[in-house]
Amino acid sequence: MALKWRSGWTTGADIHSHNTRNREIVRLDAHRTTFFEASPQHMAKKVYNAIPIEIREMNSEIVFKKKLKLWSRLSRYLDFYFAGICTHIRSYQYYIGSLYDKEPSYIAAKCESYSNFQNSKCCDLIINMGEYVDFRAKGKFFLYTHESLPFGMGKKGISERCWQDTNGTSSS
């Protein structure tokens, strides 16, 4: 679907007729600076590429907006902190990662502060982030991630003590 604000963006399909996995991905402009990476034009393309293809291909702008709101509601109710940092720039990558993992790989503990999380003082509520999130949960949730793909650490994303407390067994 060619939405009004997407006109002028180039996809792989605009360049060649080969049926590749990146055919529908909007091509990012070449750049040299991190300043450009933070620009609205660049971020819009990255976020658009992160939206699942079935949503991007909606025939109606109204349906597209509804599906997009449903897909993005995670960021409106919960705050996830990765090693103490709330990182919205990488959030779409974490969400996409959660779509492809067979088991939840982004497991977070509810905590008031990063210091308490580091000291394993908050094991009362543990939830999955991303595709498997429980939208009834509210508050700040902390987890550790890998620095590069795949980011999710599964149970190792929180303290082992939390798993002992909630499951009665250690995560080996």
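Nothing here was measured: the structure is a model prediction, and the numbers come from that model.

Novice: How should the overall build of the protein chain be read in this particular structure?
Specialist: A count of helical and extended segments in the protein chain gives 9 helices and 4 strands. Taken from the N to the C terminus, the helices and strands of the protein chain come in the order α-α-α-α-α-α-β-α-β-α-β-β-α. Here the protein chain, with 172 residues, has 33% of them falling under the buried criterion. Across the protein chain, the fraction of contacts at a sequence separation of at least 24, relative to all contacts at a separation of at least 6, is 58%. When the accessible surface of the protein chain is totalled, it reaches about 11,300 Å², and 51% of it is carbon and sulfur.

Novice: Help me understand the environment of W71 in this model?
Specialist: Note on placement: W71 falls in helix α5 (residues 61-72). Of the residues examined, W71 reaches a relative accessible area of 16% and is grouped as buried.

Novice: In this structure, what is going on with the environment of I127? I would like to understand it.
Specialist: Within the secondary structure, I127 sits in strand β3 (residues 126-128). Note on I127: relative accessible area 7%, which makes it buried. In this structure, the C-alpha to C-alpha distance between I127 and A109, residues 18 residues apart in sequence, is 6.5 Å.

Novice: What am I meant to see in the state of the cysteines here?
Specialist: Joining two cysteines, a disulfide is a covalent bond between their sulfur atoms. Tallied over the full model, the rule gives 2 disulfides. Between C111 and C122 runs a disulfide, and the two sulfur atoms are separated by 1.8 Å. Looking down the S-S bond of the C111 and C122 bridge, the torsion is -85 degrees, so its handedness is left-handed. One end of the pair, C111, is in the loop between β2 (107-110) and α8 (114-118); the other, C122, is in the loop between α8 and β3, and 11 residues separate them in sequence. Here C123 engages in a disulfide with C162; their sulfurs sit 2.1 Å apart. Negative torsions about the S-S bond denote left-handed disulfides, and the value of about -65 degrees found for C123 with C162 makes this one left-handed. Placement of the pair is C123 in the loop between α8 and β3 and C162 in helix α9 (residues 160-167), with a sequence separation of 39 residues. Taken individually, C123 and C162 each receive the classification buried, so the pair is uniform in this respect.

Novice: Can you help me understand the nonpolar core in this one?
Specialist: Most often, soluble globular proteins keep nonpolar side chains buried together rather than apart. Judged by nonpolar contacts, W9, V26, Y48, A50, I51, I55, M58, F64, W71, Y92 and Y95 together constitute the single largest core of 11 residues. Counting residues per element, the ones that place at least two in this core are α3 (40-50), α5 and α7 (91-100).

Novice: I keep staring at the side chain of N49 and nothing clicks. Help me out?
Specialist: Counting through the fold element by element, N49 comes out in helix α3. A relative accessible area of 16% means that N49 is categorised as buried. Aside from chain neighbours lying at most four places away, what touches N49 is I25, V26, L28 and R56.

The rules behind each value
Residues numbered from 1 in each chain as written. Predicted model: local features only at pLDDT ≥ 70, side-chain atom pairs only at ≥ 80, totals over all residues. Heavy atoms only, no water. Helix = DSSP H or I, 4+ residues; strand = E, 2+ residues; numbered from the N terminus. Buried < 20%, exposed > 50% of the residue type's maximum accessible area, 1.4 Å probe, protein only. Contact = heavy atoms within 4.5 Å. Areas by Shrake-Rupley, 256 points an atom, 1.4 Å probe, with all protein chains shown as cover. Disulfide = S-S within 2.5 Å. Core = buried A, V, L, I, M, F, W, Y, C linked by side-chain atoms within 4.5 Å.

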